[in-house]
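What follows is each chain in one-letter form.
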Amino acid sequence: MQPIKRGTRIISEPPLLAIPAREYSAAQIESQFLSLSVADQNAFLSLYSAHEENHGLAVNYNGLPVS
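Residues numbered from 1 in each chain as written. Predicted model: local features only at pLDDT ≥ 70, side-chain atom pairs only at ≥ 80, totals over all residues. Heavy atoms only, no water.

Considerations on the overall build of the protein chain
And step 1. When you go through the protein chain residue by residue, the secondary structure sums to 2 helices and 2 strands.
And step 2. For the protein chain, the succession of helices and strands along the chain, N to C, is α-α-β-β.
And step 3. For the protein chain, the proportion of its 67 residues judged to be buried stands at 15%.
And step 4. For the protein chain, the proportion of contacts with a sequence separation of at least 24, taken over those separated by at least 6, is 21%.
And step 5. Here the protein chain has roughly 5900 Å² of accessible surface; of this, 55% comes from carbon and sulfur atoms. (Helix = DSSP H or I, 4+ residues; strand = E, 2+ residues; numbered from the N terminus. Buried < 20%, exposed > 50% of the residue type's maximum accessible area, 1.4 Å probe, protein only. Contact = heavy atoms within 4.5 Å. Areas by Shrake-Rupley, 256 points an atom, 1.4 Å probe, with all protein chains shown as cover.)

Structure, rendered in structure tokens:
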């Protein structure tokens, strides 16, 4: 086993959503979300959110808690 050198990329994945800061809005998020495949929508909804009051919920989508 070798030590990992500083700056070594360990994991790289393409983002599910990429929204420029100037265009960031709930409508833009929903639009991009709805353009995802069902598998990618499920992957997005399974992500952990540190911004929810209840950390057991991944996302609050259209006012509905999604676990």
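Examining helix H2 (residues 38-45)
And step 1. Residues of H2 that are buried: Gln41, Phe44 and Leu45. Viewed along the axis of H2, the buried residues span an arc of 95°, placing them on a single side of the element. (Arc of directions from axis to C-beta.)

Quick look at the side chain of glutamine 41
And step 1. Take glutamine 41: it is sitting in helix H2.
And step 2. With a relative accessible area of 17%, glutamine 41 lands in the buried category.
And step 3. There is a polar contact of 3.1 Å between the side chain of glutamine 41 and the backbone oxygen of phenylalanine 33.
And step 4. When sequence neighbours within four positions are dropped, the list of residues in contact with glutamine 41 reads Phe33, Leu34 and Leu36. (Polar contact = N/O pair within 3.5 Å; in protein donor to acceptor, adjacent residues only side chain to side chain.)

Looking at a nonpolar patch on the surface
And step 1. Residues Ile4, Ile10 and Ile11 make up a contiguous nonpolar surface patch of roughly 370 Å² in combined accessible area.
And step 2. For isoleucine 11, a relative accessible area of 67% corresponds to the exposed category. (Patch = residues over 30% accessible without salt bridge, like charges linked within 9 Å, V, L, I, M, F, W, Y side chains within 5 Å. Salt bridge = Lys/Arg side-chain N within 4 Å of Asp/Glu carboxyl O.)

Focus: the confidence of the model for the protein chain
And step 1. Averaged over all residues, the pLDDT of the protein chain is 77; the fraction at 70 or higher stands at 72%.
And step 2. Mean pLDDT per element in the protein chain: strand E2 (residues 64-66) is the minimum at 51, and H2 is the maximum at 89.
And step 3. With pLDDT under 50 throughout, residues 54-58 is counted as low confidence; its partners more than four residues away or in other chains account for 14 contacts. (pLDDT = per-residue confidence, 0-100.)

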